Amino acid sequence: MRRAVNLAEARDVGILFNMTSETEYDRVSRFARSLQEQGKKVQVIGFYKYQKLPPYYAQKLAYDIMQPQHLDLFYRPKAGFVTHFINHPFDMLIDLGITDEFPLYYIAVLSKAGFKLGRRREAEAGIIPYDLMIEAKQETDSEELIRHLIYYTSSFRFNG
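Residues numbered from 1 in each chain as written. Predicted model: local features only at pLDDT ≥ 70, side-chain atom pairs only at ≥ 80, totals over all residues. Heavy atoms only, no water.

Draft legend 1. Up close: the overall build of the chain. When helices and strands are tallied, the chain shows five helices and six strands. Walking the chain from its N terminus toward its C terminus, one meets helices and strands in the order β-α-β-α-β-α-β-α-β-β-α. The buried share of the chain, reckoned over its 160 residues, is 48%. Across the chain, contacts joining residues at least 24 apart in sequence account for 61% of those joining residues at least 6 apart. (Helix = DSSP H or I, 4+ residues; strand = E, 2+ residues; numbered from the N terminus. Buried < 20%, exposed > 50% of the residue type's maximum accessible area, 1.4 Å probe, protein only. Contact = heavy atoms within 4.5 Å.)

Draft legend 2. A look at the packing of helix α3 (residues 80–87) against helix α4 (residues 102–110). Look at α3 against α4: their axes get within 8 Å of each other, and the N-to-C directions meet at 40 degrees. Considered as vectors, α3 and α4 are oriented oblique to each other. Crossing of α3 over α4 shows right-handed handedness. Within the contact between the two elements, α3 uses Val82, Phe85 and Ile86 and α4 uses Tyr106, Ile107 and Leu110. The class makeup of the residues in the contact of α3 with α4 is six nonpolar, no polar and no charged. (Axes fitted to C-alpha atoms, helices over the stretch in contact; angles between N-to-C directions. Parallel < 35°, antiparallel > 145°, perpendicular 65-115°, else oblique. Left-handed = near helix turned anticlockwise from the far one by under 90°. Nonpolar A, V, L, I, M, F, W, Y, C, P; charged D, E, K, R; others polar.)

Draft legend 3. Representation of the pairing of strand β1 (residues 12–18) within the structure. Most of β1 sits out of view: seven of its seven residues are buried. A two-sided burial pattern is seen for β1, the buried positions comprising Asp12, Gly14, Leu16 and Asn18 on one face and Val13, Ile15 and Phe17 on the other. Bridge count between β1 and strand β2 (residues 41–47): seven bridges; the pairing is parallel. Paired with Asp12 across the bridge in β2 is Lys41. Taken together, β1, helix α1 (residues 22–37) and β2 constitute a β-α-β crossover, and its handedness is right-handed. Here β1 runs beside strand β4 (residues 92–95); their pairing, made up of four bridges, is parallel. For Val13, the partnering residue across the bridge sits in β4 and is Met92. (Pairing = 2+ DSSP bridges. Right-handed = clockwise from strand over helix to strand, strands pointing away.)

Draft legend 4. Local environment of α1. For α1, spanning 16 residues, the distance from its first C-alpha to its last is 22 Å, which sits close to the expected 22 Å at 1.5 Å a residue. Among the residues making up α1, those that are buried are Glu24, Tyr25, Arg27, Val28, Ser29, Phe31, Ala32 and Leu35. Those residues of α1 hidden inside the fold are in contact with β1, β2, α2 (55–58), β4 and α5 (142–155). Residue Gly39 follows α1 closely and has a positive phi angle near 90 degrees. (Expected span 1.5 Å × (residues − 1).)

Below, the structure is given as structure tokens:
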């Protein structure tokens, strides 16, 4: 069921991100950890476009990571953990992808989350998956996107 919530009200949060560097991975990890420290249940899926995971990830092993072997011929995710994520009714889905990656977009479109947030992007096939989009420059990093999302979602007040 679609329902707008602010960040303080969200109890169950799904996060999508591009694992483009150790810096991006660390930023997302800090953000997820801060949400968990606030008592929120957090699930994270990252997308890494190479076959072999980088050493910085192997040392931490914290999240589900999609790789090329988890995609079908049409670049759609086919892993069981993705299906579980899509079908989970998160209060809030936050897409921290800083570049347009079809597998993350696919998950966002199909997600059963009640409220979806992400960086503004062009619609594919006329579908925009987000209820709230943050206008950001193409070269924006996840830290700036997180800052904007926290600011805007913390200031919302919804009635019932």
